[in-house]
Amino acid sequence: MASPARERRQAVLRAIVADYIAMQEPVGSKTLVEKHKLQVSSATIRNDMAVLETEGYIAQPHASSGRVPTEKGYRAFVDAINEVKPLSLPERRAISDFLESGVDLEDVMRRSAHLLAQLTRQAAVVQLPTLSVSRIKHCEVVALTPRRLLIVVITDNGRVDQRNVELSSLIDESGVTYLRDLLNGALAGKTMSDASSSLALLAADPPPAVADHVTRVIAVIMDTLVDTPSDRVLIAGAANLVPKTTDLLSVVEALEEQMVVLKLLANLPELGNVSVVIGKENEDEDLAKASIVTTSYGTAGETFGGLGVLGPTYMDYPGTIQKVAAVANYISLILAGEERT
């Protein structure tokens with residue numbers, strides 16, 4: 001059990017972090033005593049601050065200034081968050097209504113990115129559902145012209161991808177229907193890896209009547225959807241970081257690199273959990289002055305993708321964790337087709 005002095009120092013650290021997050025100004029002992037009613041003298045608080053500084057939790061930017069949290073101090077603050085206050089009913093309804101009005105899955109995801117950026121005033125990243133965990137629900141074939149087809153692949157998590165295919169010869173309505181049935185027989189209900197095997201078998205021995213059409217369509221599907229399922233990431237609110245500090249300019253530039261953003265979402269926590277990475281805990285050097293809050297979304301215990309926000313190390317951690325978790329929860333419910341309240 002922590003001693004009374006240790007518990008008081010922990011309370012002082014929490015107060016310093018909370019005040020600095022709110023004001024971005026060094027925090028002094030007198031302010032702590034008056035604002036947080038710590039029931040001890042300013043001298044005692046100064047002693048506590050000296051210990052916290054020696055232990056590396058806070059620092060003094062200038063000899064005559066108050067203290068600011070270090071990355072170690074932010075980590076201790078985050079690790080001590082036992083419970084995040086839930087959003088109010090009006091807030092939950094506003095999120096639900098905004099996301100449910102999306103016209104399709106990608107629109108829901110795009111809305112989620114903009115909503116997260118707006119709610120947290122940080123940069124938001126939202127990953128579209130990964131194809132690797134999806135099962136193909138249906139493959140639609142539409143004749144745009146007698147020599148051009150539109151192939152639409154719909155997965156069980158609501159993702160829709162479409163590609164155009166140029167044919168070397170004409171195709172009639174019966175040929176389109178036949179091709180649609182062939183593709184659904186090979187794809188429907190299968191994961192992307194299983195679909196790859198089925199398509200390879202079909203391409204190896206296509207029906208002679210539509211052999212060239214089948215070969216061209218399968219080549220496009222394999223090249224763009226199955227073999228290279230590039231998981232797209234939507235980014236919103238990068239401009240929110242620019243006015244805050246020049247330290248974040250490298251973060252804004254890093255967000256322009258798709259691979260950097262994908263790496264942020266490579267090690268997602270389990271469904272229902274939230275991960276917080278602070279400053280130099282980030283493996284990417286360009287992100288060493290930012291904090292990143294991420295979580296995952298999915299249904300039936302299966303993760304489909306992730307989302308999160310990037311911001312300065314002095315971000316509002318409890319509020320950010322709360323909003324990231326809430327948006328992920330609503331995406332999961334929408335994917336599952338459940339009722340929201």
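An unreviewed UniProt entry annotates the protein as Heat-inducible transcription repressor HrcA of Corynebacterium tuscaniense. Turning to the protein, the UniProt record has this under Sequence similarities (unreviewed entry): "Belongs to the HrcA family."

Describing helix α4 (residues 71–79)
Here α4 has its buried residues at Gly-73, Tyr-74, Arg-75, Phe-77 and Val-78. Close packing links the buried residues of α4 with α1 (4–23), β2 (68–69), β8 (274–278) and α12 (317–336).

Some words on unusual backbone geometry
Of note in this structure, Gln-24 is not a glycine but carries a positive phi near 55°. With respect to the secondary-structure elements, Gln-24 resides in the loop between α1 and α2 (29–36). With relative accessibility at 35%, the residue Gln-24 sits in the partly exposed group. A positive phi angle, near 60°, is found at Arg-121, a position not held by glycine. Relative to the assigned elements, Arg-121 resides in the loop between α6 (105–120) and β3 (123–127).

Quick look at the sheet that holds strand β5 (residues 148–155)
Spatially, three strands are ordered β4-β5-β6 in an open sheet, and the strand pairing comes out antiparallel. With one partner strand each, in any of the chains shown, β4 (136–145) and β6 (160–166) form the two edges of the open sheet. Direction aside, the axes of adjacent strands within the sheet are offset by 20° on average. Helix α7 (residues 173–187) rests against β4 and β5 of the sheet, and its axis sits at about 160° to β4.

Observations regarding the packing of helix α5 (residues 89–100) against α12
Interaxial distance between α5 and α12 falls to 10 Å at its minimum, and their mutual angle equals 45°. Comparing their axes, α12 and α5 come out oblique. At the point where α5 passes α12, the crossing takes the right-handed sense. Contacts between α5 and α12 involve Arg-92, Ile-95, Ser-96, Leu-99 and Glu-100 from the former and Ala-326, Val-327, Tyr-330 and Ile-334 from the latter. Looking at the contact of α5 with α12, its residues break down into six nonpolar, one polar and two charged.

Reading the values: the criteria
Residues numbered from 1 in each chain as written. Predicted model: local features only at pLDDT ≥ 70, side-chain atom pairs only at ≥ 80, totals over all residues. Heavy atoms only, no water. UniProt positions renumbered as here; feature names shortened; annotations may be inferred. Buried < 20%, exposed > 50% of the residue type's maximum accessible area, 1.4 Å probe, protein only. Helix = DSSP H or I, 4+ residues; strand = E, 2+ residues; numbered from the N terminus. Contact = heavy atoms within 4.5 Å. Pairing = 2+ DSSP bridges. Axes fitted to C-alpha atoms, helices over the stretch in contact; angles between N-to-C directions. Parallel < 35°, antiparallel > 145°, perpendicular 65-115°, else oblique. Left-handed = near helix turned anticlockwise from the far one by under 90°. Nonpolar A, V, L, I, M, F, W, Y, C, P; charged D, E, K, R; others polar.

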